[in-house]
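One-letter residues, chain by chain:
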Amino acid sequence: MSRIPSFGPDNLDESQSRLYAAIVGGRAGITTTVPLTDDEGVLTGPFNAMLLSPELGMALQELGTAIRYRSALRPRSRELAILAVAAHWQCQFELDAHTLIGAHVGLTGAELDALRSGGELQLHDDEEAATLTVARTLVRTADLDPSDYDAAASALGPAKLFEISTLVGYYSLLALQMRIFGVSRPPEPRADA
């Protein structure tokens, strides 16, 4: 149960309507895995809260869209990092939603279980292994010591390291906001999706 009102699509002002359209239109590929709205058209997850401050919400949704669609990280790497953040912050919405998305991009059941629990995970792809290590280190310590930085920069390059740090910050922020506003689980995927 959310602590804030549910903003239905028919009860939005002009700036909220623009944000609503940007969220729904900008994440079209996700809707087949995790619905962005409930049966009444109310945005789910962190998105309904973004309507409280449409200008700031627009900037946040644009950052989320960039992380998802304009990042150099491969989809599996991205979902590994998101699930590491979600597990650290125990954000049930992020865990549930990104478990579905992670399965969609090829993460196995065993990999998803390890990510959800924070358990050990043997990854044979260098980018994926480095991404997971960096994400888990950043949520625990908010920094990389010199040897961790050197290893990550060598495996990923500075640009991907920047993208991972941005992703960790963004999904940590969403986890905080969902905790504050009482967002729990995503709706079940609809049969028509």
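Right above here is the structure, for reference.
Residues numbered from 1 in each chain as written. Predicted model: local features only at pLDDT ≥ 70, side-chain atom pairs only at ≥ 80, totals over all residues. Heavy atoms only, no water.

Draft legend 1. Molecular detail of the nonpolar core. In terms of nonpolar packing, the biggest core is built from 52 residues, with Met-50, Val-134, Val-168 and Tyr-171 touching the most fellow members. In terms of residues, this core owes the most to one element, helix H9 (residues 158-180), which gives nine residues. Residues in contact with Val-168, not counting those within four places in the same chain, are Val-85, Ala-135, Leu-138 and Val-139. (Core = buried A, V, L, I, M, F, W, Y, C linked by side-chain atoms within 4.5 Å. Buried < 20%, exposed > 50% of the residue type's maximum accessible area, 1.4 Å probe, protein only. Helix = DSSP H or I, 4+ residues; strand = E, 2+ residues; numbered from the N terminus. Contact = heavy atoms within 4.5 Å.)

Draft legend 2. Here's a closer look at helix H7 (residues 126-141). If you check H7, its first and last C-alpha atoms are 22 Å apart, about what 16 residues at 1.5 Å a residue would give, namely 22 Å. Within the span of H7, buried status applies to Glu-127, Glu-128, Ala-130, Thr-131, Leu-132, Val-134, Ala-135, Arg-136, Thr-137, Leu-138 and Val-139. Elements that come into contact with the buried residues of H7 comprise helix H4 (75-89), helix H6 (109-117), helix H8 (146-156) and H9. For H7, the capping residue at the N-terminal end is Asp-125, with a side-chain oxygen 3.0 Å from the backbone nitrogen of Glu-127. Ala-142 sits one or two positions beyond H7 and adopts a positive phi of about 60°. (Expected span 1.5 Å × (residues − 1). Polar contact = N/O pair within 3.5 Å; in protein donor to acceptor, adjacent residues only side chain to side chain.)

Draft legend 3. Representation of a negative patch on the surface in the model. Taken together, Asp-143, Asp-145, Asp-148 and Asp-150 make up a surface patch of like negative charges. Examined against the element boundaries, Asp-145 turns out to sit in the loop between H7 and H8. (Patch = residues over 30% accessible without salt bridge, like charges linked within 9 Å, V, L, I, M, F, W, Y side chains within 5 Å. Areas by Shrake-Rupley, 256 points an atom, 1.4 Å probe, with all protein chains shown as cover. Salt bridge = Lys/Arg side-chain N within 4 Å of Asp/Glu carboxyl O. Lys, Arg positive; Asp, Glu negative; His and termini not counted. Charge placed at Lys NZ, Arg CZ, Asp CG, Glu CD.)

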